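For reference, the chains in residue letters:
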Amino acid sequence: MKCPFCNQDNTRVVDSRPADDNSSIRRRRLCDACGKRFTTYEKVETMPLIVIKKDQTREQYDRSKIEAGVMRACYKRPIPVQRIKEMIDSVEMEIFSREEREIESKVIGEIVMDKLKELEAVAYVRFASVYREFKDVNTFMDELKKFLE
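### Regarding the environment of Glu-92
Along the chain, Glu-92 falls in helix α2 (residues 81-97). We classify Glu-92 as buried; its relative accessible area is 13%. In this structure the C-alpha to C-alpha distance between Glu-92 and Gln-8, which are 84 residues apart in sequence, comes to 34 Å. When neighbours within four sequence positions are excluded, Glu-92 is seen to be in contact with Tyr-61 and Arg-63.

Okay, structure coming up:
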């Protein structure tokens, strides 16, 4: 592992433990050349996942797209960033636990909506309004009625 400060290759692991999410390893490292410490995270490499979009095009799975959508839905809501991150982690775990090489974007969207429903009502409705492409107020009201049931 190269030192981010001096770019030397001779670094060593000082401490190693599971990260907070229990899906990666947190390692404290020490550079033998400059003496500075830094942290790295090691994550198990998963098989590449292809997302089949609504128009049937395929692209590689990108966590940042889920993060961006969820963050927009949670904008100015009283939700701690840590809870949002945990929710996205659980979405990702559910997606990868299916052990499929391809997944439809609508399946991902439904998983996100289920998790948002548990997290916060306004964020759920915001996400649903974009995801389900509400055309008018009646469609919006129908979704609200489903939520209240």
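### So, unusual backbone geometry
Non-glycine residue Gln-56 carries a positive phi angle of around 70°. Residue Gln-56 is classed as exposed on the basis of its relative accessible area, which comes to 54%.

### Things to note about the nonpolar core
Counting residues in each nonpolar core, the largest one holds 27 residues, and the members touching the most others are Ile-66, Val-70, Cys-74, Ile-95, Val-112 and Leu-116. Contributions of two or more residues to this core are made by α1 (63-73), α2, α3 (105-119) and α4 (121-131). Beyond its immediate chain neighbours, meaning those up to four positions away, Ile-95 contacts Leu-49, Tyr-61, Ile-66, Ile-103, Ile-108 and Ile-111.

### Some remarks on the pattern of salt bridges
Inspection of every chain in the model, using the stated rule, returns 13 salt bridges. Residue Glu-120 pairs with Arg-77 through a salt bridge whose shortest N-O separation is 2.7 Å. One end of the pair, Glu-120, is in the loop between α3 and α4; the other, Arg-77, is in the loop between α1 and α2, and 43 residues separate them in sequence. Look at Glu-120 and you get buried, because its relative accessible area is 13%. A network of salt bridges, in which partner residues are shared, links Arg-63, Glu-67, Lys-85, Asp-89 and Glu-92.

### Structural notes on the sheet that holds strand β5 (residues 58-60)
The strand order β5-β4-β6 describes an open sheet built from three strands, whose pairing is mixed. Strand pairing shows two members of the sheet lacking a second neighbour, β5 and β6 (102-104), which therefore form its edges. On average, each strand axis in the sheet is inclined to that of its neighbour by 30°, with strand direction left out of account. Inspection of the sheet shows strand β4 (residues 50-52) paired to β6 by three bridges, in the parallel sense. For Ile-50, the partnering residue across the bridge sits in β6 and is Glu-102.

Criteria and thresholds
Residues numbered from 1 in each chain as written. Predicted model: local features only at pLDDT ≥ 70, side-chain atom pairs only at ≥ 80, totals over all residues. Heavy atoms only, no water. Helix = DSSP H or I, 4+ residues; strand = E, 2+ residues; numbered from the N terminus. Buried < 20%, exposed > 50% of the residue type's maximum accessible area, 1.4 Å probe, protein only. Contact = heavy atoms within 4.5 Å. Core = buried A, V, L, I, M, F, W, Y, C linked by side-chain atoms within 4.5 Å. Salt bridge = Lys/Arg side-chain N within 4 Å of Asp/Glu carboxyl O. Pairing = 2+ DSSP bridges. Axes fitted to C-alpha atoms, helices over the stretch in contact; angles between N-to-C directions.

As far as function goes, none of this settles anything; it's purely spatial.
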